[in-house]
Amino acid sequence: MSVLAIVEQRMAGEVLAAAQQFGSPLIAYSIDLPYTADAYTAAVEELIRKVNPTLVVFGHTYQTRDYAPKLAARFGRVLIGDVIAARPPVFVRQMFQGKFNADVRLVGDGPHFVSVQAGAWRAGSAAAETFSPSSTTSRQMAEPPFREAGRAVDLTAADIIVSVGRGIKEKENIPVVQALAQALGGELAASRPICDAGWLPMDRQVGSSGQTVSPKVYVAVGISGAIQHLVGMKGAKTVVAINKDPDAPIFEVAHYGIVGDLFEVVPALVEEIKKAK
Amino acid sequence: MKIAVAIKQVPLRDSLLRVNGAGTWIEEENLSFEINEPDAYALEEALQLREKHGGEVIVISVGPPRVSQTLREALAKGADRGIHVESSNLDTLGVGHLLATALRAESPDLILTGLQSDDLGYGQTGVVLAELLGLPSSTIIMQVQVINDVQPGKVRVKRELEDGWFQHIEMPLPAVLTIQSGLNKLRYATLMGIKKAKTKEIKLVSASEVPQASAVIEKLYAPEKNKQGQIFDGDAKTAAAKLVEKLRFEARVI
Ligand SMILES: Cc1cc2nc3c(=O)[nH]c(=O)nc-3n(C[C@H](O)[C@H](O)[C@H](O)COP(=O)(O)OP(=O)(O)OC[C@H]3O[C@@H](n4cnc5c(N)ncnc54)[C@H](O)[C@@H]3O)c2cc1C
């Protein structure tokens, strides 16, 4: 099947590697426009009508999430998003927050639309032609990207990180995990829901919308291992997981794990560390 | 302002999930259900916008009969009325069409949804809905500021980007926004709210025709385990001691 890859700077090499596996001939374009959802939907629609591909492939970036479903709907299709493997016309994606995989089969004629998960394909060449649409209009007006002022904590420099997730249940329990961070001489970090709830400040969040860290040791306590968390800590040299659910996806990336109740395991760990020191 | 919030009912967090007999979806019998988490934030945002700008909040859900419970809970939190489109269609485009048909008649000024569901996780419903209604949209929203709530309305939003970056976007109303968890503080239903909800309307709508799905779930299964890691058994103390030994002599951080 003929494949059109839409590349942006983020994930360019990965998108091309995936697209190459999905079929041929392959043609790759980047869109020569400042991004808005309306502008990109119209531009890629024009490109598709010109190129006539069976499959359109994107990286599963926040930008793709913002407009590709709209584009697919315009062609009466659903975007098969966040794909981790493929035997076209069957594409594999996670469901239920990584607890299950699903084989999703494309039905009917192209164009079909697929986006691939970051890290699922090894990046190849990122060469792409540039497409300039014949006209652009957009109802959205986008201002330049910005970061919130002053990140108080730089987790990227930490050698040891102890990270706490929703398994901690209540704000009052945070000290349980803090004690472990202290015993190891590491920084305390968290999954998103902990920061959303205000139990720890935003600048301790690890993941796709937080910090990307690569410490010597990353201890994930009561964290399930959703993809948006994993992308932020997969680079750790040693990953330790403590979780009461033996099927939690975090164990897939863990070098060492303890299946159990963190409220028993973590204090025991602190005790043993003190003994060892 | 008339604000519509599309909410989805999903299995209760941390439910023990099993694949059904056909191997194509989960076994739903004996499960409990709740509102999809980002949708709860979308509802809260709608309620707060109503407090600022006046108007009404309509909650709408596509699903089997059980979703009326989740709609009722949204009414207890303060939504004014509900629309239940009865259908067990799981296809995102199909659901988009069902929502669009029901909402066209309402012509809301603003439509909110959560940014993705905890079950399918496609993260598309809001964006597809915007396309079908011909409205502008923006996703992964962390802040909503209605600049002008009378015609011609206008909204300014803060959109989340990767790695801790953000961006402000302005667009005309009506518009569709998909809401990220954590942009506000969720409220609980009060006793008074629960009482009032009993008398609020939930309009039951039967499903209209929708296009055939362009993709189907052929198989749902537990991912293959390729744990290369070591799991330490035993009671907490024994397991902890084994782990500390590894951290000491292999990872060398103690
Ligand atoms: C666009 C987008 C961006 C996102 N960005 C991020 C991000 O940057 N960072 C991030 O972390 N998430 C992010 N998320 C959210 C992500 O999808 C997950 O929802 C989140 O990571 C889940 O956090 P958690 O693992 O702490 O909670 P859960 O998934 O609820 O997991 C809790 C875990 O604790 C375990 N547990 C419960 N009780 C105990 C106990 N007593 N002892 C031991 N274990 C226990 C459970 O078995 C479970 O595995 C993002 C999502 C989206 C859609």
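Numbering of residues starts from 1 in each chain and follows the order in which that chain's sequence is written. As a convention, the first chain written is A and the first ligand written is 1, with the rest following in written order. Side-chain atom pairs in this predicted model are given and counted only at pLDDT of 80 or more, local residue features only at pLDDT of at least 70, and totals for whole chains, interfaces and linings cover all residues. Hydrogens and water are ignored here; the side-chain numbers use all heavy atoms of the structure.

## Examining the overall build of chain B
Spelled out, the test is: In this text, helices come from DSSP runs of H or I with a minimum length of four residues, and strands from runs of E with a minimum of two, each type numbered from the N-terminal end. Working definition: with a 1.4 Å probe on protein chains only, accessible area under 20% of the residue-type maximum means buried, over 50% means exposed, and in between means partly exposed. Here, residues are in contact when the closest pair of their heavy atoms is within 4.5 Å. Calculation of accessible area relied on Shrake-Rupley with a 1.4 Å probe; when residues are assessed, cover is drawn exclusively from the protein chains displayed. The charged-residue count follows a simple rule in which Lys and Arg add positive charge and Asp and Glu add negative charge, with His and chain termini not counted at all. Note on charges: their place is set at NZ of Lys, CZ of Arg, CG of Asp or CD of Glu.
The number of helices and strands found in chain B is six helices and 13 strands. Projected onto its principal axes, the C-alpha coordinates of chain B cover approximately 70 × 45 × 40 Å. Burial status across chain B gives 54% buried among its 254 residues. Residue pairs in contact within chain B that sit at least 24 positions apart in sequence constitute 67% of those at least 6 positions apart. With an accessible surface of roughly 11,400 Å², chain B has 50% of that area assigned to carbon and sulfur atoms. Charge centroids of chain B, computed over 30 positive and 33 negative side chains, lie 5 Å from each other.

## Observations concerning the nonpolar core
How we decide: Throughout this description, the term nonpolar core refers to a set of buried Ala, Val, Leu, Ile, Met, Phe, Trp, Tyr and Cys residues connected via side-chain atoms within 4.5 Å.
Counting 39 residues, the largest nonpolar core has A:L180, A:V219, A:V221 and A:I242 as the members making the most contacts within it. Top contributing element to this core by residue count: helix 7 (residues 262–276) of chain A, with eight residues. If you look at the next biggest cluster of nonpolar residues, it comprises 36 residues, including A:F22, A:A28, A:A102 and B:F33.

## So, the domain arrangement of chain A
Residue and element names in this part refer to chain A. Applicable threshold: Domain borders in the structure are assigned automatically or taken from a domain database. Accessible area that two parts lose when put together, evaluated with a 1.4 Å probe and summed over both, is termed the buried area.
When the domains of chain A are assigned, the result is domain 1 (3–131) and domain 2 (155–276). Using C-alpha coordinates to define each centre, domain 1 is positioned 33 Å away from domain 2. Together domain 1 and domain 2 conceal approximately 490 Å² of surface at their shared face, both sides included; 49% is due to carbon and sulfur atoms.

## Remarks on the packing of aromatic side chains
All names here are of chain A. Which entries qualify depends on this criterion: Only the six-membered ring of Trp is used, alongside the rings of Phe and Tyr, when aromatic pairs are assigned; centres must lie within 6.5 Å, and planes under 30 degrees apart are stacked while those over 60 apart are edge-to-face, with the rest tilted.
If you walk through the whole model with that rule in mind, you get 12 aromatic pairs over all chains. Pairing F22 with W121 gives two aromatic rings, centres 5.5 Å apart and planes at 90°, and the pair type is edge-to-face. Note that F22 is positioned in helix 1 (residues 12–22) and W121 in the loop between strand 7 (112–116) and strand 8 (129–131), a separation of 99 residues in sequence. Each member of the pair, F22 as well as W121, carries the same accessibility label: buried.

## What to know about the side chain of B:H168
By secondary structure assignment, the location of B:H168 is in strand 9 (residues 165–172). The contacts of B:H168, once residues within four sequence positions are left out, are A:M141, A:A142, A:E143, A:F146, B:Q143, B:R156, B:V157 and B:K158.

## Overview of the interface of chain A and chain B
Interface extent is often summarised as the accessible area lost during association of the parts. Quick reminder of the rule: A pairing counts as a salt bridge when a side-chain nitrogen of Lys or Arg comes within 4 Å of a carboxyl oxygen of Asp or Glu. As used in this structure description, the phrase polar contact means that two N or O atoms lie within 3.5 Å; if the pair is within protein, one of them must be able to donate a hydrogen and the other to accept it, and residues adjacent in sequence are counted only when both atoms belong to side chains. The nonpolar class holds Ala, Val, Leu, Ile, Met, Phe, Trp, Tyr, Cys and Pro. Asp, Glu, Lys and Arg form the charged class, and all remaining residues, Gly among them, are polar.
With 80 residues of chain A at the contact, the number on the chain B side is 88 residues. Summed over both partners, the interface of chain A with chain B comes to about 7,500 Å²; 54% of that surface belongs to carbon and sulfur atoms. Summed over the shared surface of chain A and chain B, the number is 10 salt bridges. Linking B:E218 and A:R105 is a salt bridge whose minimum nitrogen-to-oxygen distance equals 2.3 Å. Seen at the junction of chain A and chain B, the total is 40 residue pairs in polar contact (both at pLDDT 80 or more). By residue number, the principal contributor to the side of chain A that touches chain B is helix 7 of chain A, which donates eight residues. Among the residues forming the side of chain A that touches chain B, the class breakdown is 38 nonpolar, 17 polar and 25 charged.

## A look at the packing of helix 3 (residues 92–104) of chain B against helix 4 (residues 125–133) of chain B
Residue and element names in this part refer to chain B. Note the cut-off: Only the stretch in contact is used when fitting a helix axis, every axis being a line fitted to C-alpha atoms; angles between N-to-C directions are given from 0 to 180 degrees. Note on terminology: angles under 35 degrees are roughly parallel, angles over 145 are roughly antiparallel, angles of 65 to 115 are roughly perpendicular, and the others are oblique. When the near helix sits turned anticlockwise from the far one by under a right angle, the crossing is termed left-handed; a clockwise turn instead gives a right-handed crossing.
Two elements in contact, helix 3 and helix 4, have axes separated by 9 Å at closest approach and are oriented at 55°. By the criterion of interaxial angle, the relationship of helix 3 to helix 4 is oblique. By crossing handedness, the relation of helix 3 to helix 4 is classed as right-handed. For the pair formed by helix 3 and helix 4, the contact residues are T92, L93, V95, G96, H97, L99, A100, L103 and R104 on the first element and T125, V128, L129, L132 and L133 on the second. Of the residues that constitute the contact of helix 3 with helix 4, the class distribution is nine nonpolar, four polar and one charged.

## A closer look at the pattern of salt bridges
Scanning the model with the defined rule gives 30 salt bridges over all chains in all. The partner of A:R166 in a salt bridge is B:E37, and the shortest N-O contact between them spans 2.9 Å. Residue A:R166 is located in the loop between strand 11 (160–164) and helix 4 (174–184), and its partner B:E37 is located in helix 1 (residues 37–53); the two belong to separate chains. When its relative accessible area of 32% is taken as the criterion, A:R166 is described as partly exposed. Residue classification places B:E37 among the partly exposed residues on the basis of a relative accessible area of 22%. Each member of the salt-bridge network shares a partner with another, and the members are A:E45, A:R49, A:R74 and B:E131.

## Digging into the confidence of the model for chain B
Quick note on the threshold: Across the chain, each position has a pLDDT score giving the predictor's confidence in that residue, from 0 to 100.
Looking at chain B as a whole, the pLDDT averages 95, with 100% of positions reaching at least 70. Both scores are given for the predicted complex: the pTM is 0.95, the ipTM 0.94.

## Let's talk about the side chain of A:K70
With respect to the helices and strands, A:K70 occurs in helix 3 (residues 62–74). Buried charge A:K70 goes without a salt bridge, the closest partner of opposite sign being A:D38 at 4.5 Å. Residues contacting A:K70, with those up to four places away along its chain left out, are A:D38, A:T41, A:R139, B:V127, B:A130, B:E131, B:L135, B:P136 and B:S137.

## Overview of the sheet that holds strand 4 (residues 79–87) of chain A
Under the convention used in this document: Here, any two strands with at least 2 DSSP bridges between them count as paired.
Read from one edge to the other, the open sheet built from nine strands follows the order 8(A)-2(A)-1(A)-3(A)-7(A)-4(A)-5(A)-6(A)-12(B), with strand pairing classed as mixed. On the outer flanks of this sheet lie strand 8 of chain A together with strand 12 (215–221) of chain B, each paired with one strand and no other. Neighbour-to-neighbour, the strand axes of this sheet turn through a mean angle of 40°, independent of strand direction. Packing against the sheet, helix 3 of chain A makes contact with strand 1 (3–6), strand 3 (55–59), strand 4 and strand 7 of chain A, and its axis sits at approximately 165° to strand 3 of chain A.

## Quick word on the site of the ligand
Definition in use: Whether a residue is near a molecule or strand is decided by its heavy atoms; if any one of them lies within 4 Å of it, the residue is near.
As a matter of local geometry, the ligand sits amid 32 residues, with A:S191, A:S209, A:S224, A:Q228 and A:N243 nearest to it. One chain alone does not account for the residues near the ligand; they come from chains A and B. Take A:R192: an N or O atom from its main chain is 3.0 Å from an oxygen atom of the ligand. A distance of 2.8 Å is found between an oxygen atom of the ligand and a side-chain nitrogen or oxygen belonging to A:Q228. For the ligand, whose free accessible area comes to 990 Å², the fraction covered by protein is 94%. Contributions of two or more residues to the shell around the ligand are made by helix 5 (192–196), helix 6 (227–233) and helix 7 of chain A. Here the shell around the ligand is composed, by residue class, of eight nonpolar, 17 polar and seven charged.

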